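A structural walkthrough
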Amino acid sequence: MFQMRPLVTLIVSGALLLIIGSSIGLLAAPAERYMGDVQRIMYIHVPCAWMALLAFSYAFVSALFYLLYGGWRHDARLEAALEAGAIYSLLLCLQGALWAKPTWGVYWAWDPRLTTTAIMMFGFGGIIALRGFVREPTRRARWSAVAAIIAFVNVPLVYFSVRLWGSLHQLQSGPRSIAGPFLVPLGLNALGLVLLTSGLMGIRARAAWLRRERKMGPEAPDERRPLEPPVKESGGDA
Amino acid sequence: MRPWRAALRKELLLQWRTRAEVAAVFAFGAITLLLFSFAVGPAPQALRTYAGGFLWVGLLMASTLALAEGFHRETENQALEGLLLLSLKPHAIYYAKAVANWLQIGIVGAALLPEMIVLYDVPMPAPGRLLAVLVAGAAALAAPGTLYAAMTSQVRSRSTLLPLLLFPLVVPVLLAAVKATALAISGDIMREWSTWIGVLVMFNAIHWPLCGLLFAHVVEE
């Protein structure tokens, strides 16, 4: 479970891709016509947004799997995904504020995506706090899975209601609306961030796994999974 | 008698016997509304404009108190475990509690309405719409609130944890209820009121079944 070598490979290759992509984005790619160099934050901001959504989706799936099938690995993954998602939403808010000041003239605007990101950060941050307060591992796993499912299901509702409330953000861009020179560093960074985050989340899940194992002992059976009958050793001391 | 109805009857009886607590929760909400007017200052126009927002933020704060207390009683003497040992299904316990909480939040909200009208000098052109917002909004706070209260009542620092989990979740409720209340007060020229009520109905339609479904995982031992 959670072997180190592939994880380190993921992290190193992801970091390399990020360095290459960011160098192209900062040095080689042309400046955008209207926003100038400020636009270059897109090369990290947009992949971060994808990663935040990806991490929360992964948390949702892990939570669902944990409640349906049990299994501590899903709980470990949930813990890693929650933290990754919360960090990426915090990064998103900070990068958004940095970009918004020269572009919109203010650090913070009540735009649907910005507001939704902030609410997601607090929503999933609250679940991390819940995990911190509940000592008993089974309870912690079950409750945080329940809370993660509810928080994830709620995200579209938050987005929809904040959007009704008034909008300012840029429309999402797709490959068709972005010129080639901008697309290369964006793609490299996105791929790099996916690899880097997968590796880091794997290590984080491993840490969660080991910490729980130290507390419950390695023999602790997966919750809800019936204890397997002891396997008869064939040809042992006969 | 069906188990669900028995559970609901027990909740309502409990609430009637601890009605002093509901009164205390109302007093908390009432003083919050008073504090808001100090934050804004003696500016009748501004107070009238933001009356809906003050009402709902006050009610949200008061309802976290009510929700936390309601479940604390259950865990104090392991009463919840007793209920589960009976053949009562977890979702019967959940829906009985949620309906009782809905009623309680609704009553506190209805009691806060006159105070809002007097304190902020709010006109009352559409009382029916105001009540509809109150009923839908209280239900939307009660559904996830009951579930989260069940979790947080069993951990230390529950008074911090419940708002931390509940507030981000009920942002759509707050937005919709505040807008719908403001529209009911100031008049609905653009016919937006039904859209915001629709948001509240949607929130309820998602969270009442979802929270009822997940409740079993919260109390199961």
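Here is what the cut-offs are and how they apply
Residues numbered from 1 in each chain as written. Chains lettered and ligands numbered in written order. Predicted model: local features only at pLDDT ≥ 70, side-chain atom pairs only at ≥ 80, totals over all residues. Heavy atoms only, no water. Salt bridge = Lys/Arg side-chain N within 4 Å of Asp/Glu carboxyl O. Helix = DSSP H or I, 4+ residues; strand = E, 2+ residues; numbered from the N terminus. Buried < 20%, exposed > 50% of the residue type's maximum accessible area, 1.4 Å probe, protein only. 1 Å grid on protein atoms, 1.4 Å probe; cavity = no way out; pocket = protein on both sides within 12 Å on 5 of 7 lines; lining within 4 Å. Points joined across faces, edges and corners; volume = space filled by probe spheres on them. Nonpolar A, V, L, I, M, F, W, Y, C, P; charged D, E, K, R; others polar. Phe/Tyr/Trp six-rings, centres within 6.5 Å; stacked < 30°, edge-to-face > 60°. Lys NZ or Arg CZ within 6 Å of the ring centre and 35° of its normal.

1. Things to note about the pattern of salt bridges
Evaluated as defined, the whole model comprises 7 salt bridges over all chains. Among the ionic pairs, Glu-83 of chain A bridges to Arg-204 of chain A, the shortest N-O distance being 2.6 Å. With Glu-83 of chain A in helix α3 (residues 72–104) and Arg-204 of chain A in helix α6 (residues 180–216), this pair connects stretches of sequence that are 121 residues apart. Judged by its relative accessible area of 25%, Glu-83 of chain A is partly exposed. For Lys-97 of chain B, the salt bridge is made with Glu-11 of chain B, and the minimal N-O distance between the two is 2.9 Å. Of the two residues, Lys-97 of chain B sits in helix α5 (residues 90–119) while Glu-11 of chain B sits in helix α1 (residues 3–17), which places them 86 residues apart along the sequence.

2. Description of empty space enclosed by the protein
To find leftover empty space, one rolls a probe the size of a water molecule over the atoms. Applying the stated criterion across every chain, the model contains 2 cavities of 30 Å³ or more. In this structure, the largest cavity spans a volume of roughly 130 Å³. Ile-119, Gly-123 and Ala-151 of chain A together with Pro-168 and Leu-169 of chain B are the residues nearest the centre of the largest cavity, which is lined by 14 residues in total. Those elements giving two or more residues to the lining of the largest cavity turn out to be α4 (112–133) and α5 (137–165) of chain A together with α7 (158–169) of chain B. Counted by class, the lining of the largest cavity contains 11 nonpolar, 3 polar and no charged residues. Of the pockets and cavities examined, the second largest cavity occupies roughly 70 Å³. If you trace the second largest cavity, you find it lined by Glu-11, Gln-15, Leu-67, Gly-70, Phe-71, Arg-73, Lys-97, Ala-100, Asn-101 and Gln-104 of chain B. Of all the secondary-structure elements, those providing two or more residues to the lining of the second largest cavity are α1, α3 (44–76) and α5 of chain B.

3. Focus on the packing of aromatic side chains
Here the distance between the centres and the angle between the planes together describe a pair of aromatic rings. By the definition in use, this model includes 12 aromatic pairs over all chains. Between Phe-54 of chain B and Tyr-120 of chain B, the ring centres sit 5.6 Å apart and the planes meet at 65°, which makes this aromatic pair edge-to-face. Within this pair, whereas Phe-54 of chain B is found in helix α3, its partner Tyr-120 of chain B is found in the loop between α5 and α6 (127–152), the two being separated by 66 residues in sequence. On the basis of relative accessible area, Tyr-120 of chain B is assigned to the buried category, the value being 1%. Considering the side-chain rings of Tyr-95 of chain B and Trp-208 of chain B, the 6.3 Å spacing of their centres and the 10° angle between planes classify their relative orientation as stacked. Linking Tyr-95 of chain B in helix α5 with Trp-208 of chain B in helix α9 (residues 193–219), this pair joins segments that are 113 residues apart in sequence. In textbook terms, an aromatic cluster arises when at least three aromatic residues are bridged by ring pairs, as seen for Tyr-94, Tyr-95, Trp-102, Trp-208 and Phe-215 of chain B. Positioned above the aromatic ring of Tyr-107 of chain A, the side-chain terminus of Lys-101 of chain A is 5.0 Å from the ring centre. Positioned over the ring face of Trp-16 of chain B is Arg-19 of chain B, at 4.2 Å from the centre of the ring.

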